[in-house]
Amino acid sequence: MQTSETVKGGSLLAMLERAASIGVWRLALADGTLEWSPQLDEIHGAQPGYVPTGEPLRHYAPEDQLKLQRLLDACAREGTPFDEEAQVVRLDGRRAWVRTLGEPVRDEAGTVVALQGAVQEIAPRGRPGTLLRMGAALGSGEAFATVDRNGQYTYVNEQAEQLLGADSRHLLGRRLWNSFQKTVRLRLDEQFRAAFESGQPLEFEELDARLSHWFEVRGFPFGSGMAIHLRDVTARRKAQEQLRLLEGSISRLNDIVIITEAGPFSEPGPRIVFVNEAFERRTGYSRDEVLGRTPRLLQGPNTQRRALDKIRAALEEWRPARVDLINYKKNGEPYWVDLDVSPVWDKQRKLTHWVAVGRDVTERKIAEEKIQHLAFYDALTKLPNRQLLMDRLHAALADPSRPREGALMFIDLDNFKVLNDTLGHQKGDMLLQLVAERLRSCVAKGDTVARLGGDEFVILLENRGDKPLEPSKGARAVAERILAALGEPYVLPGYLHHSTCSIGVTLFGKGDRTVSELLKQADLAMYQAKRAGRNTVCFFDPEMQAVVSANAALSSDLRQAWRENQFRIDYQPQVSAAGRLIGLEALLRWQHPQRGLVPPDQFIPAAEETSLIVPIGRWVLDAACAQLAAWEHRPDRRHLSIAVNVSVRQFRHPEFVDEVMAAVQQFGVKPNKLKLELTESLLADGIDVTIAKMGSLKEMGVALSLDDFGIGYSSLSYLKRLPLDQLKIDREFVKDVLTDANDAAIAKTVINLAHSLDLDVIAEGVETQEQRDFLVSQGCLAFQGYLFCRPLPLDELEAYLDRQAAQVEAAA
């Protein structure tokens, strides 16, 4: 290869190329001739004198060639220099990482005629600890020199000449340590030889031979010598001296004080030149342990990146910064510091230092965290509370452009009130804490388990990038785990408790439902699970919403009907076995202007649910008493009684007995003419209170009948304690009494039971003569049904009664 003089260079350049694993090259654009220095032969694993031919980039790894070709083209076309790291494929097939630099060469007219540059091996073979600082230093502008194994200068750049106060003619051949004061030369000689033998870097700071400047020296051994980096740190040393004078005034401050040099900001960062006693007390580090190091030693795993970025941005702009930062003590314990960082300028407005004053605010932060926890977490279970759940739900639904998918689950403990009432609230609280622990164990990290209050819990499952979730399958799997976990026994002090739960689930995704709608849907599904028998899971479906909406509309219409007097009372006669009219049942009817006549089995449950049944029931009671009072003046009607249905909610109203007494007294009716028909559901719970109220009514003289007997919660042990006057056989047993042996047997049993308890018995829903005859044959002597008369409005009833009276007179 015919290597040009520009590439060959002198002997010094060749030595530097070998030491730094750097070779230079030149590419002529006219004919594509590539020339390179002998060091590139070694980097490419070629024999000396190797002539590179073909494409200029063929020695680079295939995956890097396109990138480098673009850089070469830009440099040739626009004169853009480049500096890129890539891999070369040596002639022996092995790869090596190199740094490739290039720049344009222009002729007198300014036209780019060639490209030239250098290739530096980033990790030279046989020198694993070397980072090629020598090559980097050649173009960095810092003071740089090389010495041989005896410590004699072999190369000194211009910056090093200026720093050492002599040109290279006087420095080359002199020993490195002779550049420093005599008292330290022997020690520096020993340090140099020890570093060379161990292959470790050499670092020291000493006063120069002129006793006027302090130099920071860093040396890095290579094959035949050592690369030396020099930096004038006189200003820093003087500043340190000045800072010692300030120690007396700030060492006793309670606030942490750290002073660092002004730069550099890159690794390792500004070095600490002073800390006060408060720093030592708070951090556990001694002054000697931190001087010369950077404040990074105080950072740890939870130090906030955002706060550090804020400080760095302020440093780069030479302005103050204030942040709350988590730092770490020497023993690894974190602490909060309110840190105020300010620049320090000299008289020439040159930045010299940074002063950081920090106040330990750990107690304040702990208090804030406690307040935050109280605001967003349930005190009993430590779970997120309603507020935090709502925040997370809003976040999940907030961005319509990127909707999240997931599931919302409502969990309600079955019969939790029984535990509270029987064992007390303390054990109830213990159970809730155990339930919270089990719920947490059923979901993945990142899912939300919240307590709304009481025994209601909510779980929010989300499909996220770090936790993929198919909402339906995921929710069902979680629900099954919850049913199993909460179904296990709970060990409470002195008691083994068994419990179950009901779960409602609603899914969300790309729809436009609101948080409120999701909560309602999950709640509806949970109540559906309750109605399905408890200890189960139910998913929301639109039909549920339709039922709820219909019920809501019905409830709204009910309130309007009550305000607008849309209700009326029909009366159905009750007759004896002889066909004589003995009484009537008052039946509530609702004539809606659009719905028409609404069946009682549709609106009575809604009236119960909304508590409208209480004022409506009082109105019916007053109307019945008023009618009894009106008939008291009619000899043909004064023997009649009126039966009024009483709902569970109405009966359990605290003032119900007083209201009955007030109605009887207000209208002056005989109490025995008023019959209250009670449903068997009253016997489901609170039996003692029920019996007590019935006793009070009985003492007043009011007649009591047990309605729909046999289809609800009847218990013979309760029945014998009830102060009843009558049992009423439900229409369901009467309807098929002639064709269903079971119904016939039940009817017989009810009649016999009534006789044995000395109670009257009446059958409702009697529609045929055959049914009546059968019931008579079994001893039932009172009836009600379409066989005798349908329910009638009051005016039609009066006409009916007049006809009956006329027939009786005619028969007489």
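All of these numbers come straight from a predicted model, not from anything done at the bench.

Draft legend 1. Representation of the overall build of the protein. Looking only at helices and strands, the protein has 29 helices and 32 strands in total. The C-alpha atoms of the protein give 49 Å as radius of gyration, which overshoots the globular expectation for 812 residues (28 Å, by more than 25%). The C-alpha extent of the protein, read off along each of the three principal axes, is 155 × 70 × 50 Å. Here the protein holds 812 residues, and the buried ones make up 46% of them. The contacts in the protein between residues at least 6 apart in sequence include a share of 56% that link residues at least 24 apart. Here the protein displays about 41,500 Å² of accessible surface, and carbon together with sulfur accounts for 51% of that area. Computed over 100 positive and 113 negative side-chain charges, the separation of the two mean positions in the protein equals 6 Å.

Draft legend 2. Highlighting the packing of helix α23 (residues 656-667) against helix α24 (residues 687-700). Orientation of α23 relative to α24, taken along the N-to-C sense of each, is 15°, at an axis distance of 10 Å. One way to sum up the angle between α23 and α24 is to call them roughly parallel. With respect to the hand of their crossing, α23 and α24 are arranged in right-handed fashion. Here α23 contributes Phe 656, Val 657, Val 660 and Met 661 to the contact with α24, which in turn contributes Lys 693, Ser 696, Leu 697 and Met 700. Residue classes in the contact of α23 with α24 are distributed as 6 nonpolar, 1 polar and 1 charged.

Draft legend 3. Looking closely at α23. Counted at 1.5 Å a residue, the expected span for α23 with its 12 residues is 16 Å, and the 17 Å between its end C-alpha atoms agrees. Buried within α23 we find Phe 656, Val 657, Glu 659, Val 660, Ala 663 and Val 664. All buried residues of α23 project into a common sector of 165° when viewed along the axis, lining one side. Structural note: α23 exposes Gln 665 and Gln 666 on the side pointing more than 90 degrees away from its buried face. Packing partners of the buried residues in α23 comprise α21 (613-631), β26 (641-646), α22 (648-651), β27 (674-679) and α24. Phi turns positive one or two residues past the end of α23, at Gly 668, with a value near 65°.

Draft legend 4. Summary view of the packing of helix α14 (residues 386-397) against helix α18 (residues 515-531). It is the contact of α14 with α18, at a shortest axis distance of 10 Å, that shows an interaxial angle of 115°. When the interaxial angle is binned, α14 and α18 end up roughly perpendicular. The crossing of α14 and α18 is right-handed. Each of Met 390, Leu 393, His 394 and Leu 397 in α14 lies in contact with α18, whose residues at this interface are Val 515, Leu 518 and Leu 519.

Draft legend 5. View of the environment of Asn 331. Inspection of the secondary structure assignment puts Asn 331 in the loop between β13 (321-328) and β14 (334-345). When its relative accessible area of 61% is taken as the criterion, Asn 331 is described as exposed. Residues Asn 331 and Tyr 285 lie 46 residues apart in sequence; the distance between their C-alpha atoms is 9.2 Å. Separated by 2.9 Å, the side chain of Asn 331 and the backbone nitrogen of Glu 333 make a polar contact.

Draft legend 6. Representation of the sheet that holds strand β10 (residues 225-232) within the structure. Taken in spatial order, the 5 strands of this open sheet run β7-β6-β10-β9-β8, and their pairing is antiparallel. Strands with a single pairing partner mark the edges of an open sheet, and in this sheet they are β7 (153-156) and β8 (202-207). Along the sheet, successive strands turn relative to each other by an average axial angle of 25°, direction set aside. As judged from the 8 bridges shared by strand β9 (residues 214-222) and β10, these two strands associate in the antiparallel manner.

Draft legend 7. How the structure looks around the pattern of salt bridges. All told, the structure shown has 50 salt bridges when counted by the stated rule. For Lys 735, the salt bridge goes to Glu 732, with nearest N and O atoms at 3.7 Å. Separated by 3 residues within a single helix, Lys 735 and Glu 732 lie in helix α26 (residues 731-735), roughly one turn from each other. Note on Glu 732: relative accessible area 43%, which makes it partly exposed. A single salt-bridge network, built from bridges that share partners, covers Glu 205, Glu 216, Arg 218, Arg 231, Arg 236, Arg 237 and Glu 261.

Draft legend 8. Seen up close, the packing of aromatic side chains. Following the criterion strictly, the structure yields 13 aromatic pairs and no others. Of the aromatic side chains, those joined through ring pairs into one cluster are Trp 177, Phe 192 and Phe 196. In this structure, Arg 237 is placed above the aromatic ring of Trp 214, and the distance from its NZ or CZ to the ring centre is 3.7 Å.

Draft legend 9. Here's a closer look at the sheet that holds strand β11 (residues 256-261). Pairing is antiparallel in the open sheet, where 5 strands are placed in the order β12-β11-β15-β14-β13. In this open sheet, the two edge strands, each paired with only one partner strand, are β12 (272-275) and β13. The average undirected angle you get between the axes of adjacent strands in this sheet is 30°. Where β13 meets β14, 8 bridges bridge the pair, whose relative direction is antiparallel. Bridge pairing in β14 places Asn 327 opposite Tyr 335. The sheet strands contacting helix α12 (residues 305-316) are β13, β14 and β15 (351-360), and the helix crosses β13 at an angle near 135°. This element, helix α13 (residues 362-376), spans β13, β14 and β15 of the sheet and lies at about 125° to β14.

Draft legend 10. Molecular detail of the pairing of strand β24 (residues 581-592). Of all 12 residues in β24, 10 are buried, a share of seventy percent or more. Pairing of strand β23 (residues 567-576) with β24, which is carried by 9 bridges, proceeds in the antiparallel orientation. Across the sheet, the residue bridging to Tyr 571 is Ala 586, located in β24. In sequence, β23 turns back onto β24 through a hairpin of 4 residues, with Gly 579 there showing a positive phi of about 90°. The pairing of β24 with β26 spans 4 bridges and is parallel. Each bridged residue has a counterpart across the sheet, and for Glu 585 the counterpart in β26 is Ala 643. One ladder, built from 3 bridges, connects β24 with strand β25 (residues 596-598); its direction is antiparallel. Bridge pairing links His 592 to Gly 596 in β25. Hairpin connection between β24 and β25: a loop of 3 residues separates the two successive antiparallel strands.

Draft legend 11. View of the side chain of Lys 673. Along the polypeptide, Lys 673 turns up in the loop between α23 and β27. For the buried Lys 673, which has no salt bridge, the nearest side chain bearing the opposite charge is Glu 632, at an N-O separation of 6.5 Å. Only 3.3 Å separates the side chain of Lys 673 from the backbone oxygen of His 639, close enough to count as a polar contact. Setting aside its immediate chain neighbours within four residues, Lys 673 contacts Leu 628, Arg 638, His 639, Leu 640, Ser 641 and Ile 642.

Draft legend 12. Region of interest: the pairing of β9. In terms of burial, β9 is a largely internal element, 7 of the 9 residues being buried. Bridge count for β8 against β9 is 6 bridges, and the pairing is antiparallel. Bridging across to β9, Leu 207 finds its partner in Trp 214. Hairpin connection between β8 and β9: a loop of 6 residues separates the two successive antiparallel strands, and Leu 211 in this loop has a positive phi of roughly 60°.

Draft legend 13. View of α13. Its 15 residues place the ends of α13 21 Å apart at the C-alpha level, agreeing with the 21 Å of an ideal helix rising 1.5 Å per residue. Those residues of α13 not exposed but buried are Thr 362, Lys 365 and Phe 376. Around the axis of α13, the buried residues are gathered within 65° of arc, so they sit on the same side. Across from the buried face of α13, at angles greater than 90 degrees, the exposed residues are Glu 363, Lys 370, Ile 371 and Leu 374. Considering only its buried residues, α13 is in contact with β13, β14, β15 and α14.

Rules behind the numbers
Residues numbered from 1 in each chain as written. Predicted model: local features only at pLDDT ≥ 70, side-chain atom pairs only at ≥ 80, totals over all residues. Heavy atoms only, no water. Helix = DSSP H or I, 4+ residues; strand = E, 2+ residues; numbered from the N terminus. Rg over C-alpha atoms; globule rule 2.2 N^0.38 Å. Buried < 20%, exposed > 50% of the residue type's maximum accessible area, 1.4 Å probe, protein only. Contact = heavy atoms within 4.5 Å. Areas by Shrake-Rupley, 256 points an atom, 1.4 Å probe, with all protein chains shown as cover. Lys, Arg positive; Asp, Glu negative; His and termini not counted. Charge placed at Lys NZ, Arg CZ, Asp CG, Glu CD. Axes fitted to C-alpha atoms, helices over the stretch in contact; angles between N-to-C directions. Parallel < 35°, antiparallel > 145°, perpendicular 65-115°, else oblique. Left-handed = near helix turned anticlockwise from the far one by under 90°. Nonpolar A, V, L, I, M, F, W, Y, C, P; charged D, E, K, R; others polar. Expected span 1.5 Å × (residues − 1). Arc of directions from axis to C-beta. Polar contact = N/O pair within 3.5 Å; in protein donor to acceptor, adjacent residues only side chain to side chain. Pairing = 2+ DSSP bridges. Salt bridge = Lys/Arg side-chain N within 4 Å of Asp/Glu carboxyl O. Phe/Tyr/Trp six-rings, centres within 6.5 Å; stacked < 30°, edge-to-face > 60°. Lys NZ or Arg CZ within 6 Å of the ring centre and 35° of its normal.

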